[in-house]
Structure formats: structure tokens, C-alpha cells
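Spelled out, the chains give:
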Number of protein chains: 2
Amino acid sequence: MTVAILSIGTELTRGEVTNTNATWLSEELTRLGVDVTEGATVPDDPVVIEATLRRLAGAHTLIVSTGGLGPTTDDITTECVAAVVGAPLERDQASLDAITARHARFGRTMAASNAKQSDFPRGATVLPNPHGTAPGFSVNIGGARAFFMPGVPGEMKPMFQAHVAAAAAHHVDGGIHQIRIRTFGMAESAVNDRLAGIETKHGVVIGYRAHFPEIEVKVRARGGDDETAKRVARAAADEVVERLGEVVYAEGDEDLAEAVAAELRQRHLSFGTAESCTGGLVANLLTNAPGASDYFRGAIVAYANDVKTAALGVPEALLAAHGAVSAEVARAMAEGARRALGVDVALSLTGIAGPSGGTPEKPVGLVHFAVASAGGTTDRTLLFPSGRPQIRLMAAYAGLTLVRRIVRGGHAP
Amino acid sequence: MTVAILSIGTELTRGEVTNTNATWLSEELTRLGVDVTEGATVPDDPVVIEATLRRLAGAHTLIVSTGGLGPTTDDITTECVAAVVGAPLERDQASLDAITARHARFGRTMAASNAKQSDFPRGATVLPNPHGTAPGFSVNIGGARAFFMPGVPGEMKPMFQAHVAAAAAHHVDGGIHQIRIRTFGMAESAVNDRLAGIETKHGVVIGYRAHFPEIEVKVRARGGDDETAKRVARAAADEVVERLGEVVYAEGDEDLAEAVAAELRQRHLSFGTAESCTGGLVANLLTNAPGASDYFRGAIVAYANDVKTAALGVPEALLAAHGAVSAEVARAMAEGARRALGVDVALSLTGIAGPSGGTPEKPVGLVHFAVASAGGTTDRTLLFPSGRPQIRLMAAYAGLTLVRRIVRGGHAP
């Protein structure tokens, strides 16, 4: 079985939108055990769309397409498919009723152009869209099964899971199981080196997903039945976790901020930050997840030195003696935040994010961290490679990692 | 002239990396006046790569490719091109010297595998890479000119600008000019409606780029000489700006945070925030740009009510009478931040980001803002559609927009 992903839309070929649909579909199909052998991106041009459909149908057994199902005159995917399969368009009353009802529910009158979204090539299987007005459909084109879905990610993803995933998995023999391992703190090439030999030893495939500054390791086992695949993946994943050691912080969907939140919640510890170079980024990462008010009480972003003194109680003499970017000031900031915010655990960060402000003694990328708790104050110093946004994000992640280790180590009673 | 973008790499067809290179190249080529008629994404598989190269060379006049030029055994683009053009690989001594020197400069010993990065099909033009070890190259395949560049964005982009852009522009007749207009506060469909008729009236093409929550409007003029294109684009852009009114905040690369920063800097006004529902997001957006310390002094993220009282001086009675999400508390937070941070202008935000915590009176998406300055305090209330990250980002942008209007209006002396 070979699979092609077809992405239709001039907004893609003009670079107005990044094709995250193709990424998501590729990842899902790979997880299901299907190899994507081609991705094609084409503009809303009937000649190009029809030629591409014919070519893909001649080369692949499954075509998964997104885009061009909207109500405007630009949206021509359905007409092109009808032309390629040589079938007339026919109106589907159930789809028209659903589109009409959806408009009524949101108090809008339906434009005449929306009606065409209920037209499909004769013989097509309609894929209902509970999240929008554009239903999808599937047809056979020559020997290929082709699925057409809307380009809106929030409509496409549930449609794929409901209708396309099963069709793709149907072609895969035997069991398949994937375990995702989340890491922070080691470069992808170093992770790769550490995991040398695991693929052949366990008969699995190891994939990576770099979502800066995290590296996600995906362990996929295939063959036998589902139970066998699960057991093989688990054994390989256990070895991955053992070899990577403390850079592993979770499995599955949890990001580092959520993992730290879970540790704090579990121990009923309240938390806050004192941030200089990260400018509120740590607080933002933590509060982006729902339910942060369970443990997160607040943050003091002390960018100017006199805010460090006024809001965090960092002594002016300490700032004068060591400079704002120093382990001493980081410790005072964390302890000050613990008092000012009334929290059990406080993290501070002070550093030089650049591009200017570096000196030979304190170069761009230098960051001091401290975590203050009832168990005392711990500080760390790290130097990150350049790039202001990268330094800030790496610093935020390193700070959260320090919090996680101290809390898990039982050092923040 | 027709152009294809070829993206090579199994990390793409497995969905481990989003193909932002194709987006960037599509946008740049479109800006240069070249229509991208096809994007192809293929794995590191010689059969697929060679077949795709042959197919694209038969259909297009320009091929712009990225990926597969690295030192590992997976990186096979060069070998595939050599096979397709029927030329042997030859080592380029200048490239080998440059790769060796680059390794020496970073104190690393060169792996034997890096040497193959200086091999090119006989007759190829080498494209030097000052930002990494992998040079690019260009060859003719049949009637098409094909450029091969590394997949690392920081290496690919300067190589494109130095070597590929001129070759692409060479095929475009006459002048071309593009003006980018940045907006926040109006949906893309509404922007589109407002601009109806401008394309035909001025003879320009209007494109959009949605970078949530911003909508960028791109006005492209083509034809005549460069001066004519520039004049036509300017006239159309002026009408776009006039029709869109105050949702336009800048032209070019400046994002909203930078536009607000420029207004504050110009007037020598210091700034800080008091954030509840946005959890430090506004401070983070402002400090992500270099040089924020010119005007940004700090932020108090008061997530818990008693932090609002302790750190911002919001009276407990006010919180009890109106609730934390109220115009009254927003005003007290902004005034408290102005005092606590010692700033000329302070912005506060308090709202319900969800998904839980909403009530019929105070639904999810409700946000109160206030801006306090020497000229007084102004508050606003907005209700955003759901999605926690979206509500937070829209609130941050709306808050910054309020700051911009007040500062520009001269109300913050």
C-alpha cells in the first residue's frame, strides 16, 4: 500500500498559510503503520488539480486530500474530482439539511453559495462534518481510494479519525503500537547516538519530533498481534528511558509545563516566579494550560533593577556588588518571590538574552536560576547558544526542569 | 515560467517536522512575481526522488529543492541528481577546504562522512554556504534549472536570497513591488469584504497571511518598470489603509508588540503590566523583542486574588463587591501596577480564559482591560470566542491595541 497526501489551495502555494495539515496527516498515518510516499501541494487551478489527481491515482492505493471544499468560487475540488471520475454532481439532501440547520443554529442566513457544499460526484460516500459546513467525501479513482476533506484543521482532524483512519489501518497487516517519550536537555544528535542499536535489538522503529526546545522520541513496534506490538514497544521504550536518564520527563501528550504542574499539584505546593530575562515566559507557559490556578499564584517580572529591589526585596548593595545577572541575585529574587507571592516554591531567572548586553565575563546566553522553598534555595548557572528567542525558551525550560527535580527529590517539603 | 518546490526528507513524510521551508519559499517566490504551481514532498528514497526529479523537470522551468544534503547515509539528494543528469560525482576542493575550515573554527574534528558534502555532479554550479557545512548546487535537468539547498532554514534562506532569487526574478518581465500591511481586530472575511474592488481598480493582487491573531494584507503590483510598480502598489496600499481604518497598525515586518514599543520609546514613556488571565503573555510578547529594557520595567502577574491585593494594592472590598473579573478591578490593577512598578503607563488584564470558570453573567472569553497613565485611567470590556490559548492571545493583542491608541492619542503625557 502506498499513500499520497494532496493539499489543495492557492493560499498554500503562495505561502500565505503553513501546511500543518500535511504534517498532522503524515504523523497520524505513520502512527497507523502506513508510509506516506508523496505529498503534493497544488493551487486552486482545475488543470493542475485534475492532472495531479490522475497522476496520484495511477501511482498510489490511498489518496488523502484536504482543501477546496468551501463555498466560494475558488473552491473547486469537488468539480475536479467529478471530472476525473466522469460522474455528474448530485445534490445530497441530508447534507443540505445539515448545512441549513447549522446556519440556523448560529443565527445566520445561509448564502446561496453554501448549497454547492452538498453536491458530490455520483456514487461518492459522504463524510459528515459535525464541526463545520463542508462535508467530505470519498470515491474510487482507478485503483485508488481517495478521501477529500475540508482544509480547516478543526474540521479535518475529527473527520480523518472518524472515516479515514480505519480505511488506512485496514491495509496494515498485524499489530502496531507507538509510545511517545518526551525529553528536554539533550541535542537530537546526542539522543540519536545514545539510542544506537535499540531498533535492531527490539525490532522497532525510532522516530523523532523536534518541537524546540523539546525532542520527542517515538518508539513504533509493528507485527504480530496488537498485544505483541504493545509488549515489544514497551520493552524498547523502557530501554530508551533508561538510556536517556533524567532528560526524559514524561510519556504521551504532556509538555514540560504540564509535567511540572502535575508534580506541584500532587504535593499541594503553590508556585510563583521571579523573572528577568525570560520576561514572563515561564508564567505564560504554566498558565497556558487550563487549571493553573490550582497551584500557580503569580509572577513578578522584574526587568528593571529597581523593580527587583521594590517588588522582590533584592538589596541594592547585592545588585551593586554582583550585578543583576549573578547567582546571588538569582537566589535573592527566588526568596523574594516566595515572600511577595506567598508561595511554597518560587523559581527565579536572570540572564542575558541578547543580542546586546554581553561582556567577556557575562556573555549573551548566560542565565542564573534559583529555586526557593521551605527546604532552602538551590541555584544553577547555564550558558545557552545564541538567538534571543531560543535563549529565553531554553532558559524557561531549564528553570522548569530544576523545579521538577527539586520537587520530585522531596527537597521542597 | 512555472516553478516547483521539491522538499526532500523522511522527517517530512513522517510528520516529524512541519515544512516551513516550503511556506517561506512559496512566499518569497510569490513576492518576486513567480507563481508556484506545485509543491512535492518526498522521503529519502532514491527511487522516489529520481522519479520525482524527472517528472518535475519535464513539467517546470525552475525547480527549487531543499533537504538531503547532510553528511549522513540518509542524505542522498546529490547522488540522485547525479543519476538523473547522468554525470559522475566530482569532489570540489574549495568546498572541502571550506568544510574543513568550518570544523576547525568550531574546534571540532571533521567526520569522514562530511567529505561527501563537497561532492557534486560534474558541471554543477556550487552555491557556497557561509552558515553551515552543506553547500548547495544548481544544474540543468532537461529544460529546467534546478537549485538544491540544505534543509536547515538558517542556511537555506540566505542561500536562496544570494543565488536563487535573482535566477527566479530574471524570468519575470517588468517591475514588481509588494507592500505588507499589518492589521489586528478584524476577521479575514471582513477584511476581504472591505477591500472589494481594489484589485481591479488599481490593477494589483491582494493576498493575505493569517498569523493568528493578526491578518497581514499583501498588496502586489506588477508590470511596467520598477518605479511604476512601486507607484501602483503605493496607491492601492493607501486605499487599503484608508478602508481598514484603525485596525491597521504598521507596514512591513513590525509586529504589534514592536509597534507599541516604538510609540512608547518615541515618547520616553516607561511601561509595565498587571496580568491575570493572560498570565505574563503581554510581558512575554514585549520582552521577546531586543531592547525592551529601554521602556519595559516589569510586570506583576496576579493570578491569585491575594496577590492582586498584596502586590498591586487592589482593595479586598473591591474584589468582594465586583469580583476579580470586573472593570473596577481592572482599573485598580492598572493603577496599582503604575505605582508598584514606577511606570508612566500600565496595562491591566483580567478575564476568564476558560475552559471552566464561566457563568451566565461572566462567560468564558470575557476580558476587562485598563490603561493607567498620568492622563487618567481608561477601561474596556471585550468578549472573545472560545479556545483558551486564542482568548489569551486575542486579549493580549487587544490590550496592546488599547495602549497604542491611548499613547498615540496623547492621553498619556
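For the structure, see preceding data.
Residues numbered from 1 in each chain as written. Chains lettered and ligands numbered in written order. Predicted model: local features only at pLDDT ≥ 70, side-chain atom pairs only at ≥ 80, totals over all residues. Heavy atoms only, no water.

## Some details on the overall build of chain A
For clarity, the threshold we go by: Numbering of helices and strands starts at the N terminus; helices are DSSP runs of H or I of at least 4 residues and strands are runs of E of at least 2. Any residue under 20% of the maximum accessible area for its type is buried, any over 50% is exposed, and the rest in between are partly exposed; the area is computed with a 1.4 Å probe on protein chains only. The criterion used for residue contact is that any of the two residues' heavy atoms lie within 4.5 Å.
Broken down by element type, chain A carries 15 helices and 17 strands. Once the C-alpha set of chain A is aligned to its principal axes, its extents read approximately 80 × 55 × 40 Å. Out of the 413 residues in chain A, the part that is buried amounts to 55%. In chain A, the proportion of contacts linking residues at least 24 apart, taken out of those at least 6 apart, comes to 67%.

## Topic: the interface of chain A and chain B
Formally: Note on definitions: buried area is the accessible-area loss of two parts on being combined, 1.4 Å probe, summed for both. Counted as salt bridges are all cases of a side-chain nitrogen of Lys or Arg within 4 Å of a carboxyl oxygen of Asp or Glu. N or O atoms within 3.5 Å of each other form a polar contact, as long as, within protein, one can give a hydrogen and the other can take it, and as long as residues adjacent in sequence are counted only when both atoms are side-chain atoms. Gly is put with the polar residues, along with every residue not named as nonpolar or charged; the nonpolar set is Ala, Val, Leu, Ile, Met, Phe, Trp, Tyr, Cys and Pro, and the charged set is Asp, Glu, Lys and Arg.
Every contact between the two is made by 60 residues of chain A and, on the other side, 60 residues of chain B. Of the roughly 4300 Å² buried where chain A meets chain B, counting both sides, 48% is carbon and sulfur surface. At the boundary of chain A and chain B, one finds 4 salt bridges. Ionic pairing is found between B:Arg297 and A:Asp306, a salt bridge with its closest N-O pair at 2.9 Å. Our count for the chain A to chain B interface comes out at 28 residue pairs in polar contact (both at pLDDT 80 or more). Taken together, the residues of the side of chain A that touches chain B sort by class into 27 nonpolar, 21 polar and 12 charged.

## Considerations on the packing of helix H2 (residues 20-31) of chain A against helix H6 (residues 153-170) of chain A
Residues and elements named next belong to chain A. Put simply, the test is: Lines are fitted to the C-alpha atoms to define the axes, a helix being fitted only along its stretch in contact, and any angle between axes, read from their N-to-C directions, falls within 0 to 180 degrees. Working rule for angles: under 35 degrees goes down as roughly parallel, over 145 as roughly antiparallel, 65 to 115 as roughly perpendicular, anything else as oblique. Note on convention: the crossing is left-handed when the near helix lies turned anticlockwise from the far helix by less than a right angle, right-handed when the turn is clockwise.
Interaxial distance between H2 and H6 falls to 11 Å at its minimum, and their mutual angle equals 30 degrees. In terms of their interaxial angle, H2 and H6 are classed as roughly parallel. Every pair of crossing elements has a handedness; the one defined by H2 and H6 is right-handed. Here Asn 21, Trp 24, Leu 25, Glu 28 and Leu 29 of H2 lie close against H6, whose contacting residues are Pro 153, Met 156, Lys 157, Phe 160, Gln 161 and Ala 168.

## A short note on the sheet that holds strand E10 (residues 204-211) of chain A
All names here are of chain A. Spelled out, the test is: At least two DSSP bridges between two strands are required for those strands to pair.
Taken together, 4 strands build an open sheet; the order of strands is E10-E11-E9-E12 and the sheet is antiparallel. Every interior strand has two partners, whereas the edge strands, E10 and strand E12 (248-251), have only one. Pairwise comparison of adjacent strand axes, ignoring direction, gives a mean angle of 25 degrees for this sheet. By the bridge criterion, 8 bridges tie E10 to strand E11 (residues 214-222) in an arrangement that is antiparallel.

## Points about unusual backbone geometry
That bond from A:Phe212 to A:Pro213 is cis: its omega, 0 degrees, falls within 30 degrees of zero. Structurally, A:Pro213 can be placed in the loop between E10 and E11. For the bond from B:Gly354 to B:Pro355, the omega torsion is 5 degrees, close enough to zero to count as cis. As for its position among the elements, B:Pro355 is in the loop between strand E15 (345-351) and strand E16 (366-373). Although it is not a glycine, A:His268 adopts a positive phi angle of roughly 55 degrees.

## Re the relation of the copies chain A and chain B
Heads up, the rule is: The copies were overlaid by least squares, fitting only the C-alpha atoms of residues that reach a pLDDT of 70 or more in each copy.
Of the transformation superimposing chain A on chain B, the axial component is 0.1 Å and the angular component is 180 degrees, with the fit at an RMSD of 0.1 Å. The two molecules are tied by a two-fold rotation axis, judged by turn and shift. Interface residue correspondence from chain A to chain B reaches 100%, placing this contact among same-surface, isologous pairings.

## Regarding the packing of aromatic side chains
Residues and elements named next belong to chain A. The test is simple: Here is the rule: rings of Phe, Tyr and Trp (six-membered ring for Trp) pair when centre to centre is within 6.5 Å. Planes less than 30 degrees apart are stacked, more than 60 are edge-to-face, and the remainder are tilted. Either the NZ atom of lysine or the CZ atom of arginine qualifies as a charge over a ring when it sits within 6 Å of the ring centre and within 35 degrees of the ring normal.
Under the definition given, this model contains 11 aromatic pairs over all chains. Ring pairing ties together the aromatic residues Phe 120, Phe 137 and Phe 148, which thus form one cluster. The ring of Phe 147 carries Arg 145 above its face, with NZ or CZ at 6.0 Å from the centroid.

## Thoughts on the pairing of strand E1 (residues 3-8) of chain A
All names here are of chain A. Along E1, 6 of the 6 residues are buried, which leaves the element largely enclosed by surrounding structure. Burial along E1 is two-sided: the face carrying Val 3, Ile 5 and Ser 7 and the face carrying Ala 4, Leu 6 and Ile 8 are both buried. Bridging between E1 and strand E3 (residues 62-66) involves 5 bridges; their strand directions are parallel. Looking at the pairing, Val 3 lines up with Leu 62 of E3.

## A few points about the side chain of A:Glu214
All names here are of chain A. With respect to the helices and strands, Glu 214 occurs in strand E11. Note on Glu 214: relative accessible area 3%, which makes it buried. Contacts of Glu 214, omitting those with residues within four sequence positions, involve Arg 182, Thr 183, Arg 209, Tyr 249, Asp 255, Leu 256 and Tyr 397.

Shape descriptors only; they carry no functional weight alone.
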